[in-house]
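Okay, here's what each chain looks like letter by letter:
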Amino acid sequence: MPDVYLGELEQIVLLAVLRLGDQAYAVPILDQIERQAGRRVARGALYTALDRLESKGCLRSRLGEPLAERGGRARRYFTVTPSAVRALRESRLALQRLWNGLESIL
């Protein structure tokens, strides 16, 4: 059993953050999810998921420098933690076990 259970949106958000590396903040995360998963996520839903993932210990965040184009507000950048990487691997393996043997049906 995994230490951390991840829902589908949480997995998608973590994978998008991993893909973005040092440039993982809200707008590119939303773009990445739409481009890679074909799924539109409301900004509020993303922020809720990001906060939940941070409280689960799956993400860390830091504020960047204040930006003039954002009215002096800073961007919040996210990094995936090692426990989240383990949880993603466990989730992937569980899904692969469930898919195995169903190739003729699906």
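I will try to describe carefully the structure that is included in this document. Bear in mind the structure is a predicted one, so any value in this text is a computation, not a measurement.

We now examine the side chain of Thr81. Relative to the helices and strands, Thr81 resides in the loop between strand E2 (73-80) and helix H4 (82-99). Polar contacts involving the side chain of Thr81 include one to the main-chain carbonyl oxygen of Gly57, which spans 2.7 Å. Setting aside its immediate chain neighbours within four residues, Thr81 contacts Gly57, Cys58, Leu59 and Arg60.

This part is about the packing of helix H1 (residues 8-20) against H4. Contact geometry of H1 with H4 gives a least axis separation of 11 Å together with a crossing angle of 120°. For the element pair H1 / H4, the angle class is oblique. At the point where H1 passes H4, the crossing takes the left-handed sense. Only Ala84, Leu88 and Ser91 of H4 make contact with H1, whose side of the interface consists of Gln11, Leu14, Leu15 and Leu18. Split into classes, the residues belonging to the contact of H1 with H4 amount to five nonpolar, two polar and no charged.

Attention shifts here to the pairing of E2. Inspection of the sheet shows strand E1 (residues 59-67) paired to E2 by seven bridges, in the antiparallel sense. The residue bridging Arg60 from the neighbouring strand is Thr79, located in E2. Counting the residues that bridge the hairpin from E1 to E2 gives five residues, and of these Gly71 lies at a positive phi of roughly 65°.

It is worth spelling out the packing of H1 against helix H3 (residues 43-55) at this point. Packing of H1 against H3 brings their axes to within 10 Å, and their N-to-C directions diverge by 85°. Comparing their axes, H3 and H1 come out roughly perpendicular. Along the contact surface, H1 presents Leu9, Glu10, Val13 and Leu14, while H3 presents Ala45, Leu46, Ala49, Leu50, Arg52 and Leu53. Counted by class, the contact of H1 with H3 contains eight nonpolar, no polar and two charged residues.

All right, on to the nonpolar core then. If you look at the biggest cluster of nonpolar residues, it comprises 26 residues, and the most contacted ones within it are Val13, Leu14, Ile29 and Leu46. Looking at this core, the elements with two or more residues in it are H1, helix H2 (26-37), H3, E2 and H4. Residue contributions to this core peak at seven residues, all from H1. Leu14 has contacts with Leu6, Leu53, Cys58, Leu59, Val80, Ala84 and Leu88, leaving out every residue within four places of it along the chain.

Here we take up H4. Its 18 residues place the ends of H4 26 Å apart at the C-alpha level, agreeing with the 26 Å of an ideal helix rising 1.5 Å per residue. Inspection of H4 places Ala84, Ala87, Leu88 and Ser91 among the buried residues, and these make up the whole buried set. Projection of H4 onto a plane perpendicular to its axis shows the buried side chains occupying an angular sector of 100°, all on one side. Every exposed residue of H4 that faces more than 90 degrees away from the buried side is listed here: Pro82, Arg89 and Arg97.

Conventions adopted
Residues numbered from 1 in each chain as written. Predicted model: local features only at pLDDT ≥ 70, side-chain atom pairs only at ≥ 80, totals over all residues. Heavy atoms only, no water. Helix = DSSP H or I, 4+ residues; strand = E, 2+ residues; numbered from the N terminus. Polar contact = N/O pair within 3.5 Å; in protein donor to acceptor, adjacent residues only side chain to side chain. Contact = heavy atoms within 4.5 Å. Axes fitted to C-alpha atoms, helices over the stretch in contact; angles between N-to-C directions. Parallel < 35°, antiparallel > 145°, perpendicular 65-115°, else oblique. Left-handed = near helix turned anticlockwise from the far one by under 90°. Nonpolar A, V, L, I, M, F, W, Y, C, P; charged D, E, K, R; others polar. Pairing = 2+ DSSP bridges. Core = buried A, V, L, I, M, F, W, Y, C linked by side-chain atoms within 4.5 Å. Buried < 20%, exposed > 50% of the residue type's maximum accessible area, 1.4 Å probe, protein only. Expected span 1.5 Å × (residues − 1). Arc of directions from axis to C-beta.

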